[in-house]
Amino acid sequence: MKINPVVVFLFFVFLFVNCSGNGKGNREQEGKDTAFAQENRKQTRQEDFYQFLDKFNSKRIFQLERIIFPITVLAPDANRIALEPTEEKIEKRDWELLDLSYDSTYTTRDFDKYTQTVNFRKDTAHVALRGIDNGIYADYYFKLIDGEWFLVTLVE
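Being a predicted model, the structure only gives us computed values, none of them experimental. (Residues numbered from 1 in each chain as written. Predicted model: local features only at pLDDT ≥ 70, side-chain atom pairs only at ≥ 80, totals over all residues. Heavy atoms only, no water.)

### So, the overall build of the protein chain
So, point 1. Looking only at helices and strands, the protein chain features three helices and six strands.
So, point 2. Moving toward the C terminus, one meets the helices and strands of the protein chain in the order α-α-α-β-β-β-β-β-β.
So, point 3. Expressed as a percentage of its 156 residues, the buried residues of the protein chain come to 23%.
So, point 4. Within the protein chain, residue pairs in contact and separated by at least 24 positions form 38% of the contacts whose partners lie at least 6 positions apart. (Helix = DSSP H or I, 4+ residues; strand = E, 2+ residues; numbered from the N terminus. Buried < 20%, exposed > 50% of the residue type's maximum accessible area, 1.4 Å probe, protein only. Contact = heavy atoms within 4.5 Å.)

### Examining the pairing of strand S6 (residues 148-155)
So, point 1. Bridging between strand S1 (residues 67-76) and S6 involves four bridges; their strand directions are parallel. From the neighbouring strand, Ile67 faces S6, where its bridge partner is Leu151.
So, point 2. Between the end of strand S5 (residues 137-145) and the start of S6, which pair antiparallel, lie two residues, with Asp146 showing a positive phi angle near 50 degrees. (Pairing = 2+ DSSP bridges.)

### Details of the pattern of salt bridges
So, point 1. One pass over the full model with this rule turns up four salt bridges.
So, point 2. Two residues, Arg66 and Glu47, come together in a salt bridge whose shortest N-O distance is 2.8 Å. Here Arg66 is found in the loop between helix H3 (60-65) and S1, whereas its partner Glu47 is found in the loop between helix H1 (5-44) and helix H2 (49-58), with 19 residues between them in sequence.
So, point 3. Given the relative accessible area of 21%, Glu47 is considered partly exposed.
So, point 4. When salt bridges that share partners are traced, they join Glu47, Arg66 and Glu148 into one network. (Salt bridge = Lys/Arg side-chain N within 4 Å of Asp/Glu carboxyl O.)

### Considering the sheet that holds strand S4 (residues 124-131)
So, point 1. Here six strands make up an open sheet; going across it, the order is S2-S1-S6-S5-S4-S3 and the pairing mixed. Sheet topology places strand S2 (85-90) and strand S3 (114-120) at the edges, where each strand pairs with a single neighbour. Taken pair by pair, the neighbouring strands of this sheet meet at an average axis angle of 20 degrees, ignoring direction. (Axes fitted to C-alpha atoms, helices over the stretch in contact; angles between N-to-C directions.)

### Focus on the packing of aromatic side chains
So, point 1. By the definition in use, this model includes 15 aromatic pairs.
So, point 2. Between Phe49 and Trp149, the aromatic rings sit 5.0 Å apart at their centres with planes inclined by 80 degrees, giving edge-to-face as the arrangement. Here the residue Phe49 occupies a position in helix H2, and Trp149 occupies one in strand S6, the gap between them amounting to 100 residues.
So, point 3. What links up through ring pairs into an aromatic cluster is the set Phe49, Tyr50, Phe52, Phe56, Phe62, Phe120, Phe142 and Trp149.
So, point 4. Geometry around Phe150 places Arg66 over its ring, the cationic atom sitting 5.3 Å from the centre.
So, point 5. Its end group placed over the ring of Tyr106, Arg109 keeps NZ or CZ at 4.3 Å from the ring centre. (Phe/Tyr/Trp six-rings, centres within 6.5 Å; stacked < 30°, edge-to-face > 60°. Lys NZ or Arg CZ within 6 Å of the ring centre and 35° of its normal.)

### Describing the pairing of S3
So, point 1. Here S3 runs beside S4; their pairing, made up of seven bridges, is antiparallel. Within S4, the position partnered with Thr115 by the bridge is Arg130.
So, point 2. Hairpin connection between S3 and S4: a loop of three residues separates the two successive antiparallel strands.

### Digging into the nonpolar core
So, point 1. The biggest cluster of nonpolar side chains holds 24 residues, and the ones touching the most others in it are Phe56, Trp95, Tyr140, Phe142 and Leu151.
So, point 2. Elements supplying a minimum of two residues to this core: H2, H3, S1, S4, S5 and S6.
So, point 3. Residue contacts for Tyr140: discarding those within four places in its chain leaves Leu98, Leu100, Ala125, His126, Val127, Leu129, Leu151, Thr153, Leu154 and Glu156. (Core = buried A, V, L, I, M, F, W, Y, C linked by side-chain atoms within 4.5 Å.)

### Brief notes about unusual backbone geometry
So, point 1. Here the amide bond leading from Phe69 into Pro70 is cis, since omega sits at -10 degrees, within 30 degrees of zero.
So, point 2. With respect to the element layout, Pro70 can be found in strand S1.
So, point 3. The phi angle at Asp112 is positive, at roughly 55 degrees, despite the residue not being glycine.
So, point 4. Position of Asp112 relative to the elements: it lies in the loop between S2 and S3.
So, point 5. Phi at Asp133 is positive, roughly 60 degrees, even though this residue is not glycine.

Structure follows, in structure tokens:
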């Protein structure tokens, strides 16, 4: 039996085209898989709370972007019995810059001494300010939304 050279040539061409085509398809699929993995990593990447808080304290525009407005504030009402807290809503236009930066010397200064603690749960952070013999008492609640921290409510 004699093998036809044309058939052999066509066989090698067919084999070459299929192999190079599969490689291209694999590279395209790998590219899609890589893009998907990068997008997935972006979604699961979590912002560091302390880095967020530094920026939140120092940049007004950033702070306004990272508060869920209207924000709910619970504050004691001097006109009510036993300073019963009332709930207020603050709109973006009425917000005053908040500074939660803290230095350990705040516990030893002459006036307005206080401590600051940060407590974390699954997707929340609670910043608590507690005065030392002066009545300072405030709680700030932050929530992690799509990997970014937002101030959602506060109690003063």
